[in-house]
Amino acid sequence: MTVTDTNPDSASAHQAEINAEIAAIESAYQRSGIEETQPRLDYPPYRSSLLRHPTKDPVRADPETVELWAPVFGPRDVNPLEADLTIQGPAAPIGERMVVTGRIVDGDGRPVRRQLVEIWQANAAGRYVHKRDQHPAPLDPNFTGVGRCLTDDDGTYRFTTIKPGPYPWKNHHNAWRPAHIHFSLFGTDFTQRMITQMYFPGDPLSALDPIYQSITDAKARDRLVAAYDHDVTTHEWATGYRWDIVLGGSARTPFEEEHP
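Here goes a summary of the coordinates provided. None of the values given here were measured: they were computed from a predicted structure.

The next subject is the sheet that holds strand E8 (residues 194–199). Across the sheet, 4 strands lie side by side as E3-E2-E7-E8; this open sheet has antiparallel pairing. The open sheet has two edge strands, strand E3 (146–150) and E8, and neither has a second partner. On average, each strand axis in the sheet is tilted by 25 degrees relative to the strand beside it, whichever way the strands run.

Here you go:
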């Protein structure tokens with residue numbers, strides 16, 4: 001028999017603890033009252049950023065020299081089947097099948113054509129196929145969590161995948177990352193690569209996530225959240241989400257800055 005705690009005082013106390021934690025995180029995000037549209041690099045609530053953020057000026061590199069050792073790709077190197085993460089194994093993966101699509105545009109709204117888009121994510125149980133991810137959640141033998149595609153003439157990308165689950169991380173006590181998908185845009189050469197994350201609407205963990213909240217501008221944070229789109233949803237097959245990426249201008253999508 002399951003017993004449910006219906007004590008209103010207990011529920012109120014639990015909600016008060018959650019509200020206090022959210023308030024503490026929000027207060028830590030502020031820096032001289034300035035709202036920032038890009039993630040802060042030295043952000044105390046995101047503990048590892050204190051160790052990883054750059055403390056010296058960037059070192060200039062010769063792009064042509066760097067690109068001699070960079071990957072080379074083209075339309076013939078990217079198979080259209082790589083955009084479907086649900087067909088990589090001998091059977092269907094477990095979880096909510098979904099389609100994620102959107103346009104990649106520049107600051108003037110022009111489509112970014114033939115852009116290499118790569119994604120990686122946890123499976124439906126919140127587990128990555130990576131040796132450093134050892135938390136007790138099952139791996140899915142039919143899901144690698146990685147895919148890629150090229151944008152079309154309208155700058156549109158499209159992936160079929162499984163909705164990722166949240167997972168614990170060791171940043172602080174009872175820390176959980178909200179469901180998200182990592183996106184990488186290659187640019188026109190290796191030195192232009194940009195990385196960001198896409199989140200899902202209505203996720204209660206977003207308010208408690210230091211990585212998401214390290215962007216102190218609320219409107220900029222909202223640009224990382226996909227929208228459910230019933231026109232993208234497929235009858236008896238997959239739910240659909242739409243998420244556009246803007247590479248410049250006042251509506252620029254927040255990216256994870258890379259430094260030497």
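On we go from here.
The side chains of a regular strand alternate, first on one face of the sheet and then on the other. Within strand E4 (residues 156–162), 5 of the 7 residues are buried, which leaves it mostly tucked inside the rest of the structure. Of the pairings in the sheet, the one linking strand E1 (residues 97–105) to E4 comprises 7 bridges and is antiparallel in character. Residue pairing across strands places Val99 opposite Thr160, the latter belonging to E4.

Glancing now at the pattern of salt bridges. Scanning the model with the defined rule gives 8 salt bridges in all. Note that Asp209 is salt-bridged to Arg177, the shortest N-O span being 2.9 Å. With Asp209 in the loop between E8 and helix H4 (210–213) and Arg177 in strand E6 (residues 176–177), this residue pair connects regions lying 32 residues apart in the sequence. Taking the relative accessible area as the measure of exposure, Asp209 reaches 0% and is therefore buried. Given the relative accessible area of 3%, Arg177 is considered buried. Look at the salt bridges and you will find they share partners, linking Asp106, Asp108 and Arg110 into a network.

As a further point, take the packing of aromatic side chains. What the rule picks out here adds up to 8 aromatic pairs. Arranged with centres 6.0 Å apart and planes meeting at 45 degrees, the rings of Tyr157 and Phe159 form a pair that is tilted. A residue is classified by how much of its surface remains accessible, and Tyr157, at 1% relative accessible area, is buried. When the centroid spacing of 5.9 Å and the interplanar angle of 80 degrees are considered together, the rings of Tyr228 and Tyr241 count as edge-to-face. Here Tyr228, found in strand E9 (residues 227–228), pairs with Tyr241, found in strand E10 (residues 239–242); they are 13 residues apart in sequence, far enough to count as distant. Take Tyr228: its relative accessible area is 43%, and that puts it in the partly exposed class. Put simply, the rings of Tyr157, Phe159, Phe183 and Trp243 pair up and form one aromatic cluster. Arg177 extends its terminal NZ or CZ atom over the ring of Trp169, reaching a point 5.9 Å from the ring centre.

Glancing now at the nonpolar core. Grouped together as the largest cluster of nonpolar side chains are 34 residues, with contacts concentrated most on Val117, Tyr157, Phe159, Ile181, Phe183, Met198 and Trp243. Sorting the residues of this core by element identifies E1, strand E2 (116–120), E4, strand E7 (180–185), E8 and H4 as the ones contributing at least two each.

How each quantity is defined
Residues numbered from 1 in each chain as written. Predicted model: local features only at pLDDT ≥ 70, side-chain atom pairs only at ≥ 80, totals over all residues. Heavy atoms only, no water. Pairing = 2+ DSSP bridges. Helix = DSSP H or I, 4+ residues; strand = E, 2+ residues; numbered from the N terminus. Axes fitted to C-alpha atoms, helices over the stretch in contact; angles between N-to-C directions. Buried < 20%, exposed > 50% of the residue type's maximum accessible area, 1.4 Å probe, protein only. Salt bridge = Lys/Arg side-chain N within 4 Å of Asp/Glu carboxyl O. Phe/Tyr/Trp six-rings, centres within 6.5 Å; stacked < 30°, edge-to-face > 60°. Lys NZ or Arg CZ within 6 Å of the ring centre and 35° of its normal. Core = buried A, V, L, I, M, F, W, Y, C linked by side-chain atoms within 4.5 Å.

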